Amino acid sequence: MADTAIPAKEPFRLSMLIYDRRYRSLTFQVIVFILVMAFGWWLVSNTVRNLEVLGKDFKFDFLSQRAGYDIPQPPIPYTADDTHLRAAVVGVLNTLIITVLGCVAATVLGVIVGVARLSNNWLFARLMTVYVEAFRNVPLLLWILVVFSVFREILPPPNAFRGEDPAASMILFDNVALTNRYTAIPTLGMTNDPGSLDLGWRVTISWAAIAFIVVLIGGWLVHKAIVKWAQATQDQTGQRPTTWWMSLIVMVLPSLLLIWYFGLHMIPPELKGFNFTGGLNISNALVALWLALTLYTAAFIAEIVRAGILAISKGQSEAAFALGISPRRTMNLVILPQALRVIVPPLISQYLNLMKNSSLAIAVGFMELKGTLGGTTLNQTGRELESILLMMGIYLILSLIISSGMNLFNARVKLKER
Amino acid sequence: MSEIHAQTAQYVRDTMLPPKPPPENDSGVVKWLRSNLFSGPVNTILTILGILIVWLLVNHFWGWFTHSVWNAGSLSECRQLIVERWGEGSTGACWAVIRERWMQFTFGFYPSELYWRPTMAFGLLFVALAPVLFSESRKIRRIVLVTAAVLTLGAMLLLGAPAVWLIFAAAVFAAAIVAAEQRPSLLLIFSLLFPFLGVWWLWGGSLWGPIMALMGLVLGWAAFMLLGRLSPMLAGIGMLLVPLLWWVYLAGAAAQDAERLISLSIPAVASDRFGGFLLSITIGLSGIALSLPLGIVLALARRSDMFLVKTMSVMFIEFIRGVPLIALLFVASLLLNYFLPPGTNFDIILRVIIMVTVFAAAYMAEVIRGGLAALPRGQYEAADALGLDYWKAQRLIILPQALKISIPGIVSTFIGMFKDTTLVTFVGLYDPLKSMSDAVRASTDWKGIYWEPYIFVGVIFFIICFGMSRYSMYLERRLQRDHR
């Protein structure tokens, strides 16, 4: 083998760096690397010089100083005496809250609308088309401002609910009150409160919540085991035991027992004095932002779902019908599993978009990451460089977490090709 | 047997029966209703739900829309008129605010005596776009150009443009219409010049600035041609280096000297006077024009075999895509001055355009990468088999097909970017949606008006974005080469 074709060793010439394919890409990469590094060095040296001229330094110690501003409805205990770091954490948590709420609601609405656009009901399909086109072709900022204006301008003030013959009434069996300042919703109360677990940094989790989480996860694991046992039985005997009632029991019964044990009950909001008390008053900034983000993202998700369903060839559903499978089961067993692999990748980017779009909260004054770290903290400390770099870093990390999590899901649903 | 049977048959009908109309229940409106609205219980429920939604919407908004007032000086006057016309307690839309502030919504705080300049730039934009967007059909080109000419010249007359410029615009349109009939490729010259002219018309000042900027490109081309005889490597370096040196060190001084010799100035307009749809369209169009080439380069870099190039491109794209546009806009308004040499201070609109471009380019790169990945492997192999080098293969075989595949994605990126231009309100620019509505509401006359400005701006955005998406569908159909 060794004596077949060894070319005579050419002497190395400088021009070979350009003309020889073996070296050319290396040369090119080195040049690009040097250029990029030079550009980076230029940026950094400019920054250093500019900071010197302004007499500023590059330190993150402002994060441990007193913030001195209030955040309405922080998800963890927070006062104006806390540090900027804690304010930033509150901001991140608020971003996460709005992202999770928005993603869940937008997915549900988007799937419904996407399927409805394909329905053979002419009127409903047209209505959904109008909705989708209206939301896709108009800036999100407009929807946020409009929804916020609806809440602020049209809804009644809290004291309109007062009196024998009130001007406004609560909805959902007197449980939710929509006012022009906040939305009052019921909270949960316990007669037998087990106290809370202190996580440090004044963050506490109620033992009851932990109990419910443990019970739910445990129930789900037992359900998996039951399914596995049923499968094993079926493989051995050919008969699949009926398991739905067992699953139902392990999933539901422990929770019901816990509810009974803790004495869980709902506390509806009540008008006392000028405001609603008892329940939870959610600021309209959050509700409006959540609604607008949901409606906007759902329009995009609807199109993704529709495209995914249309991508499944007609023969698949026809084959299913030929086998006598009902339309509903065809959807669940044949169409959706195949459509998911088309739907999930663009869905991931819609979730990411929603997370990034939540930064528009500054339009309505909801204090998420952009409002705390990139807003009030930045203005108070004058640390533009540090604040914005830190904020972008956090957004980047959140995006990476969301996309890697969803990619795991994608790897599970995608077509297993052999 | 069969023959006998046929002959023995007593009677065979020799004419067809006339076709009967389908049963009453299975034709016309009834059938349509039955199959589209009431084919089953679920369908019927959906129909009733749909009718309920429509009825709710109409019930809520019909009165408001029909009780519109177009002529009034203030909101209170509007309300008074509505009460006078339609009785006590009736509400209605007060479109008078749009009528009165129309110019502000369109141009922001641009000097009113110079409104004709952006109008002319916008009209001539269609001349620049005609050879690019409407290259296929002479008829469509004719319609577009004639409509643009009539509308632009009319608008310029109304806005009181000087006669010189009216004649200029008319001449350009006439030349363009003639060129579009005879040699459409001639129009490309205007398309190349338009960015420089457009900047001059919008911002004003001396024409020598754009000319000297253009000179940089000419110099780069000259350097490429001259050095190309020595070595292609030198030519490449020269093509990049010469214009860069020219722009950084010489262009400014040259423009000033030239201006002193021959003055080519028109009144300058500062960036903070820009606003409304003028601002959105300026940022949107520049972003579109700049982000497409940048996106292509990034996509090619991401698919490159070269490890370093690929890594850097991936890092850049993922960084930009992981960060909200607002954060980048804040970088533009607060941080860009930190990154540049001390004393540099350039225009806020330019900074925003840079950031919007970079943002859109990262998304564009991913869309185009999808297109590149969707091309069959055989196309690449065919290009190699023909002995084409990398750039020729990309230019002649790969990119045209990849771009064609990714048209829907590219256009939706454009639409997204155009919608995102409203976010510039957060860095203190007067976007049409929030800043302009707030500015209108700040006056005592229109205090408390919410819906009309939002609806108006929303409708304009809808028209533009919907138009773009329809255009992309047209383009897809036009470029369709497979016969299915």
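This is a predicted model, so every value here is computed, not measured.

What counts and how
- Residues numbered from 1 in each chain as written.
- Chains lettered and ligands numbered in written order.
- Predicted model: local features only at pLDDT ≥ 70, side-chain atom pairs only at ≥ 80, totals over all residues.
- Heavy atoms only, no water.
- Helix = DSSP H or I, 4+ residues; strand = E, 2+ residues; numbered from the N terminus.
- Rg over C-alpha atoms; globule rule 2.2 N^0.38 Å.
- Buried < 20%, exposed > 50% of the residue type's maximum accessible area, 1.4 Å probe, protein only.
- Axes fitted to C-alpha atoms, helices over the stretch in contact; angles between N-to-C directions.
- Parallel < 35°, antiparallel > 145°, perpendicular 65-115°, else oblique.
- Left-handed = near helix turned anticlockwise from the far one by under 90°.
- Nonpolar A, V, L, I, M, F, W, Y, C, P; charged D, E, K, R; others polar.
- Contact = heavy atoms within 4.5 Å.
- Buried area = accessible area lost by both parts, 1.4 Å probe.
- Salt bridge = Lys/Arg side-chain N within 4 Å of Asp/Glu carboxyl O.
- Polar contact = N/O pair within 3.5 Å; in protein donor to acceptor, adjacent residues only side chain to side chain.
- Domains from an automatic or database assignment.
- Pairing = 2+ DSSP bridges.
- Core = buried A, V, L, I, M, F, W, Y, C linked by side-chain atoms within 4.5 Å.
- Lys, Arg positive; Asp, Glu negative; His and termini not counted.
- Expected span 1.5 Å × (residues − 1).
- UniProt positions renumbered as here; feature names shortened; annotations may be inferred.
- Phe/Tyr/Trp six-rings, centres within 6.5 Å; stacked < 30°, edge-to-face > 60°.
- Lys NZ or Arg CZ within 6 Å of the ring centre and 35° of its normal.
- Disulfide = S-S within 2.5 Å.

1. Here we look at the overall build of chain A
Then comes step 1: Secondary structure summary: chain A contains twelve helices and nine strands in total.
Then comes step 2: At 29 Å, chain A has a C-alpha radius of gyration far larger than the 22 Å of a compact globule built from 418 residues.
Then comes step 3: Over its C-alpha atoms, taken along the principal directions, chain A stretches across nearly 100 × 75 × 50 Å.
Then comes step 4: Relative to its 418 residues, chain A shows a buried fraction of 40%.

2. Remarks on the environment of valine 215 of chain A
Then comes step 1: Within the secondary structure, valine 215 of chain A is located in helix H6 (residues 207-237).
Then comes step 2: For the pair valine 215 of chain A and aspartate 81 of chain A, spaced 134 residues apart in the sequence, the C-alpha separation amounts to 38 Å.

3. Here's the deal with the packing of helix H3 (residues 84-117) of chain A against helix H8 (residues 284-311) of chain A
All names here are of chain A.
Then comes step 1: Where H3 meets H8, the closest approach of the two axes is 6 Å, and the angle between their N-to-C directions is 40°. When the axis of H3 is compared with that of H8, the two are oblique. Where H3 crosses over H8, the two elements pack in a sense that is right-handed.
Then comes step 2: The residue makeup of the contact of H3 with H8, split by class, is 18 nonpolar, six polar and three charged.

4. What about the interface of chain B and chain A?
Then comes step 1: At the interface, 58 residues of chain B touch 58 residues of chain A.
Then comes step 2: Across the chain B/chain A interface, buried area totals approximately 5,100 Å², and carbon plus sulfur atoms make up 76% of it.
Then comes step 3: On inspection of chain B and its partner chain A, the count reaches zero salt bridges.
Then comes step 4: Taken together, the connections running from chain B to chain A amount to 18 residue pairs in polar contact (both at pLDDT 80 or more).
Then comes step 5: Elements represented by at least two residues in the side of chain B that touches chain A include exactly helix H2 (28-36), helix H3 (41-66), helix H11 (232-261), helix H13 (307-321), helix H14 (325-339), helix H18 (407-420) and helix H20 (451-479) of chain B.
Then comes step 6: With ten residues, the single largest contributor to the side of chain B that touches chain A is H14 of chain B.
Then comes step 7: Of the residues that constitute the side of chain B that touches chain A, the class distribution is 41 nonpolar, twelve polar and five charged.

5. Looking at the domain arrangement of chain B
All names here are of chain B.
Then comes step 1: Considered domain by domain, chain B is made up of domain 1 (70-100) and domain 2 (275-484).
Then comes step 2: The C-alpha centroid of domain 2 is placed 41 Å from the C-alpha centroid of domain 1.
Then comes step 3: Tallying the contact residues gives 13 residues for domain 1 and ten residues for domain 2.
Then comes step 4: For the pair domain 1 and domain 2, the two sides together bury roughly 870 Å², of which 76% comes from carbon and sulfur.
Then comes step 5: Broken down residue by residue, the surface that domain 1 buries against domain 2 is led by Leu75, Val97 and Ile98, which jointly contribute 54%.

6. A closer look at the sheet that holds strand E2 (residues 182-185) of chain A
Either a parallel or an antiparallel arrangement is found when strands of a sheet pair, and the pairing is made through backbone hydrogen bonds.
Residue and element names in this part refer to chain A.
Then comes step 1: Strand order in the open sheet formed by three strands is E1-E2-E9, with antiparallel pairing between adjacent strands. The outermost strands of the open sheet, each flanked by one partner alone, are strand E1 (177-178) and strand E9 (280-283).
Then comes step 2: The sheet contact formed by E1 and E2 spans two bridges and is antiparallel. Bridging from a neighbouring strand, alanine 177 pairs with alanine 184 of E2.
Then comes step 3: Sitting on the sheet, H8 is in contact with E2 and E9, with an inclination near 60° to E9.

7. As for the nonpolar core
Then comes step 1: Counting 197 residues, the largest nonpolar core has Leu124, Trp201, Phe274 and Leu372 of chain B as the members making the most contacts within it.
Then comes step 2: With 16 residues, the single largest contributor to this core is H8 of chain A.
Then comes step 3: The residues touching leucine 124 of chain B, leaving out its near neighbours within four places in the chain, are Phe168, Val172, Phe173, Phe190, Phe194 and Trp201 of chain B.

8. Digging into the side chain of lysine 370 of chain A
Then comes step 1: By secondary structure assignment, the location of lysine 370 of chain A is in helix H11 (residues 369-381).
Then comes step 2: The charged side chain of lysine 370 of chain A is buried without a salt bridge, its nearest counter-charge being glutamate 368 of chain A at 7.0 Å.
Then comes step 3: Not counting residues within four places of it along the chain, the set of residues in contact with lysine 370 of chain A comprises Ser359, Ile362, Gly375, Met391 and Tyr395 of chain A together with Ile326 and Phe330 of chain B.

9. Notes on helix H5 (residues 140-154) of chain A
Then comes step 1: Taking 1.5 Å of rise per residue, 15 residues should cover 21 Å, and H5 of chain A covers 21 Å from first to last C-alpha, within 8% of that figure.
Then comes step 2: With eleven of 15 residues buried, H5 of chain A is to be regarded as a mostly interior element.
Then comes step 3: Looking only at H5 of chain A, the buried set comprises Leu140, Leu141, Leu142, Trp143, Ile144, Leu145, Val146, Val147, Phe148, Ser149 and Phe151 of chain A.
Then comes step 4: Packing partners of the buried residues in H5 of chain A comprise helix H4 (122-136), E1, E2, H8 and helix H10 (327-357) of chain A together with H20 of chain B.

10. What to know about the UniProt feature "domain: ABC transmembrane type-1" (unreviewed entry) in chain B
Then comes step 1: UniProt records the feature "domain: ABC transmembrane type-1" (unreviewed entry) at residues 277-472 of chain B, using the numbering of this structure.
Then comes step 2: Between the first and last C-alpha atoms of residues 277-472 of chain B the distance is 22 Å; the span itself is 78% helix and 0% strand.

11. What about the packing of aromatic side chains?
Then comes step 1: Under the criterion given, the structure shown has 33 aromatic pairs over all chains.
Then comes step 2: Put simply, the rings of Trp116, Trp165, Phe168, Phe190, Phe194, Trp200 and Trp201 of chain B touch in pairs and so form one group of aromatic residues.
Then comes step 3: Over the face of the ring belonging to phenylalanine 300 of chain A we find arginine 136 of chain A, whose NZ or CZ atom lies 5.6 Å from the ring centre.
Then comes step 4: A cation over a ring is seen here: arginine 321 of chain B above tyrosine 363 of chain B, with NZ or CZ 5.2 Å from the ring centre.

12. Some words on the state of the cysteines
Disulfide: a covalent bond connecting the sulfur atoms of a pair of cysteines.
Residue and element names in this part refer to chain B.
Then comes step 1: Applying the stated rule across the entire model yields one disulfide over all chains.
Then comes step 2: The residue that forms a disulfide with cysteine 78 is cysteine 94, at a sulfur-sulfur distance of 1.8 Å. Taking the sign of the S-S torsion, 80° for the link of cysteine 78 and cysteine 94, the bridge is right-handed. Here cysteine 78 is found in helix H4 (residues 75-86), whereas its partner cysteine 94 is found in the loop between H4 and helix H5 (96-107), with 16 residues between them in sequence. Pair check on accessibility: cysteine 78 and cysteine 94 agree, each one buried.

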